[in-house]
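Structural overview
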Amino acid sequence: MPQPVLELNQLRLQYPGSEHWTLDGLDLELHAGESLALVGSSGCGKSTVARAVLQLLPPGSRCDGGLQLTGQDPRQLKRSELRQLRGHATGLVFQDPMTRLNPLLSAGGHLLDTLRAHRPDSSATWRLSRANDLLKRVGIGTQRFQAYPHELSGGMRQRLAIALAIALEPPLVIADEPTTSLDVAVAGQVMAELSQLCKELGSALLLISHDLAMAARWCDRMVMLDGGRKVEEGAATAVLTKPRSEMGQRLVASARAREGGRSPERPDHATVLTVDAMRCWHAIGGPPWKPTWLKAVNDISFDLRAGESLGVVGASGCGKSTLCRALMGLTGIRGGRVELQGQDLLNLRGEALRVARRAVQMVFQDPLACLNPALPVVDAIADPLLIHGICSKAEARERARALLHRVGLRPAEQFQQRRPRQLSGGQQQRVAIARALALEPSVLICDESVSMLDAEVQAEVLGLLRELQNELGLAMIFVTHDLSVASGFCHRVIVLDQGKIVEEGPGDRIFHAPQAAISRLLVEASPRLPR
């Protein structure tokens, strides 16, 4: 039998300062052409496997047991040899390409840089031809050769990351949560391209994901981790239809519970937010007397009651993020009316506007990216109170401890001095929610706030949001690319396409009987667990 591309034998890994093994006796084999999904709850060790294989570990880490990558142990190599092995033996596709791409390099420049570093003897003509071919193969096209990362959509940035991963035709491609930040339609396109390219190259694919349905759709085999140990292994369909372990049964049950849930009844409370014919247009070219407009949000109207959750769903580029930024005052509004608690925000100025905007706060997709890594979480939560001069530092810290308790991080004294990186993904999101609640808002905007979490933690955070909503009477705008999550959590859902509302109603009705073309596309693209 041919030698495995990747072989782990009783691999154990311990991070510096930790008293437990993040990986504890892991066995794994992956052969050329195979596709394997590595799944599990947050903190189970999925991403640590990728770091161990590539030896991207902090100094002082302990890594014992067998580790072979294309017949070599990366732990035994010199730094220059390890650098070559990383480039030639494996390609890595990260979760968020925007944080991994150089903002000063164009799309083509990234590829030329990689080819120059690993194929120094190649000619400039060959490198240019290879870079153009890679851009075409991943669906970006040569016309975007000179485009910089910020000029590309999320899907295009991820396609560029795939082009970089396959540039040297490695025998192993590791994709670590490659579709988390993408809507289901674009995610499907990206995974289809990645899978097809791996098949063409004969490369093995190791897909690390918290999305069980997506993993089963694109991988033949599945391994489930819990506490750094393998608890399930087999054909992906078999693992998800007949899980044997307690962890497997819990994760599958959580994932099934969110597939097309029933929408709750809309509360009969006072209206806190009215948006009427709102327009957010951006000039993207043309002469000053006749500019070309990008109509990111175009004539959108809706109202939101206290205690109500409004889901905002749509494909990438439909206007979801622009709508959020406009309501937060982070992007200009060219027309329409936005009335918050009886005040028209577009007519307010100065201190009056600043005070009014306290009532609208936001929970972002990636809590680690929006929390100061140097601040203890108690200070991160207290910060908005100090910025607005609401209370003293001592009072702000006391309120922050109370908020930690309210969002389920108890006892607060155990968490208050931790930095964000010392918390799990679910705990980080709870801190972000606590920070958003510090100013006692009446409207909470959740922008893809659970998309980066596994099914079990996602259910916990959604439960926390519902509990806080009932307790505080919060009105919520819940932005998501996952219609199945919106249908079970939100009272109503609006579907956006090209800056306009194309469908509106209870989420479960839209999920099971979509009317608009984009709604049907989103439903069809949503991966389902095998039955």
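In what follows, the accompanying structure is described.

The rules behind each value
- Residues numbered from 1 in each chain as written.
- Predicted model: local features only at pLDDT ≥ 70, side-chain atom pairs only at ≥ 80, totals over all residues.
- Heavy atoms only, no water.
- Helix = DSSP H or I, 4+ residues; strand = E, 2+ residues; numbered from the N terminus.
- Rg over C-alpha atoms; globule rule 2.2 N^0.38 Å.
- Buried < 20%, exposed > 50% of the residue type's maximum accessible area, 1.4 Å probe, protein only.
- Areas by Shrake-Rupley, 256 points an atom, 1.4 Å probe, with all protein chains shown as cover.
- Axes fitted to C-alpha atoms, helices over the stretch in contact; angles between N-to-C directions.
- Parallel < 35°, antiparallel > 145°, perpendicular 65-115°, else oblique.
- Left-handed = near helix turned anticlockwise from the far one by under 90°.
- Contact = heavy atoms within 4.5 Å.
- Nonpolar A, V, L, I, M, F, W, Y, C, P; charged D, E, K, R; others polar.
- Core = buried A, V, L, I, M, F, W, Y, C linked by side-chain atoms within 4.5 Å.
- Pairing = 2+ DSSP bridges.
- Expected span 1.5 Å × (residues − 1).
- Arc of directions from axis to C-beta.
- Lys, Arg positive; Asp, Glu negative; His and termini not counted.
- Salt bridge = Lys/Arg side-chain N within 4 Å of Asp/Glu carboxyl O.

Here we take up the overall build of the protein chain. Assigned secondary structure in the protein chain consists of 20 helices and 19 strands. For a compact globule of 531 residues, the expected C-alpha radius of gyration is about 24 Å, and the protein chain comes in at 24 Å, within 12% of that figure. Each principal axis of the C-alpha atoms in the protein chain carries an extent, and together these give about 70 × 60 × 45 Å. Within the protein chain, buried positions represent 53% of all 531 residues. Summed over its atoms, the accessible surface of the protein chain is roughly 23000 Å², and 48% of this surface lies on carbon and sulfur atoms.

Our next topic: the packing of helix H16 (residues 425-437) against helix H17 (residues 455-472). At a minimum axis distance of 10 Å, the contact between H16 and H17 shows a crossing angle of 20°. Of the possible angle classes, the one that applies to H16 and H17 is roughly parallel. Judged by the sense of rotation from one axis to the other, the crossing of H16 with H17 is right-handed. From H16, Gly426, Gln429, Arg430, Ile433 and Leu437 reach across to H17, where they touch Val457, Glu460, Val461, Leu464, Leu465, Leu468 and Leu472. In terms of residue class, the contact of H16 with H17 is built from eight nonpolar, two polar and two charged.

Attention now moves to the nonpolar core. Among the nonpolar cores identified, the biggest contains 57 residues, and Val431, Ile433, Leu444, Leu465, Phe478 and Val493 are the most heavily contacted of them. Residues in contact with Leu465, not counting those within four places in the same chain, are Ile433, Leu444, Cys446, Ser449, Met476, Phe478 and Phe489. Listed in part, the 53 residues of the second largest apolar core include Leu111, Leu115, Ala215 and Val252.

Let us now look at the sheet that holds strand E11 (residues 292-305). Read from one edge to the other, the open sheet built from four strands follows the order E11-E10-E13-E14, with strand pairing classed as antiparallel. Each edge of the sheet is formed by a strand with only one pairing partner; in this case those strands are E11 and strand E14 (343-344). Bridge analysis of strand E10 (residues 271-285) against E11 gives 11 bridges, and the strand direction is antiparallel. Bridging across to E11, Thr274 finds its partner in Asp303. Each of E10, E11 and strand E13 (335-340) is contacted by helix H10 (residues 320-328), which is oriented at about 115° to E10, the strand it contacts most.

Attention now moves to the sheet that holds strand E2 (residues 23-30). Taking strand neighbours across the sheet as the criterion, the three strands line up as E2-E1-E4 in an open arrangement whose pairing is antiparallel. Only two strands of the sheet have a single neighbouring strand rather than two, namely E2 and strand E4 (62-69). Across the sheet, the axes of successive neighbouring strands diverge by a mean angle of 15°, strand direction being ignored. One ladder, built from seven bridges, connects strand E1 (residues 6-14) with E4; its direction is antiparallel. Of the residues in E4, the one forming a bridge with Leu13 is Cys63.

As a rule of thumb, non-glycine residues mostly have phi less than zero, and peptide bonds are mostly trans rather than cis. Along the chain, Arg410 connects to Pro411 via a cis peptide bond; the corresponding omega equals -10°. Within the element layout of this structure, Pro411 appears in the loop between helix H14 (393-406) and helix H15 (412-415). One non-glycine residue, Asp299, adopts positive backbone phi at about 65°. Relative to the elements of secondary structure, Asp299 occurs in strand E11. In this structure, Gln341 takes a positive phi of about 50° despite not being glycine.

The end-to-end C-alpha distance of helix H9 (residues 246-257), which contains 12 residues, comes to 16 Å, matching closely the 16 Å that a straight helix rising 1.5 Å per residue would cover. Those residues of H9 not exposed but buried are Met247, Gly248, Leu251, Val252, Ser254 and Ala255. Seen from one end, H9 has its buried residues packed into an arc of 160°, which puts them on one side. Facing away from the buried side of H9 by more than 90 degrees, the exposed set consists of Glu246 and Ala257. Structurally, H9 contributes buried residues whose contacts are with strand E3 (35-40), helix H7 (212-218), strand E8 (221-226), strand E9 (229-235), helix H8 (236-241) and H17.

Attention shifts here to the side chain of Arg127. Within the element layout of this structure, Arg127 appears in helix H4 (residues 124-137). This buried residue, Arg127, is left without a salt bridge; Asp121 holds the nearest opposite charge, at 8.2 Å. Contact partners of Arg127, with chain neighbours within four places excluded, come to Leu112, Leu115, Arg116, Arg119, Pro120 and Ser122.

Here the focus is the pairing of strand E12 (residues 309-314). Side-chain positions along a regular strand alternate between the two faces of the sheet. The element E12 is largely enclosed, with a buried count of six among its six residues. Residues Ser309, Gly311 and Val313 of E12 are buried on one face, and the alternating residues Leu310, Val312 and Gly314, pointing to the opposite face, are buried as well. Where E12 and strand E17 (residues 475-480) come together, five bridges link them in parallel fashion. Within E17, the residue paired with Val312 across the bridge is Val479. Looking at chain direction, E12 and strand E18 (residues 492-497) are connected through five bridges and run parallel. Note that in E18 the partner of Val312 across the bridge is Ile494.

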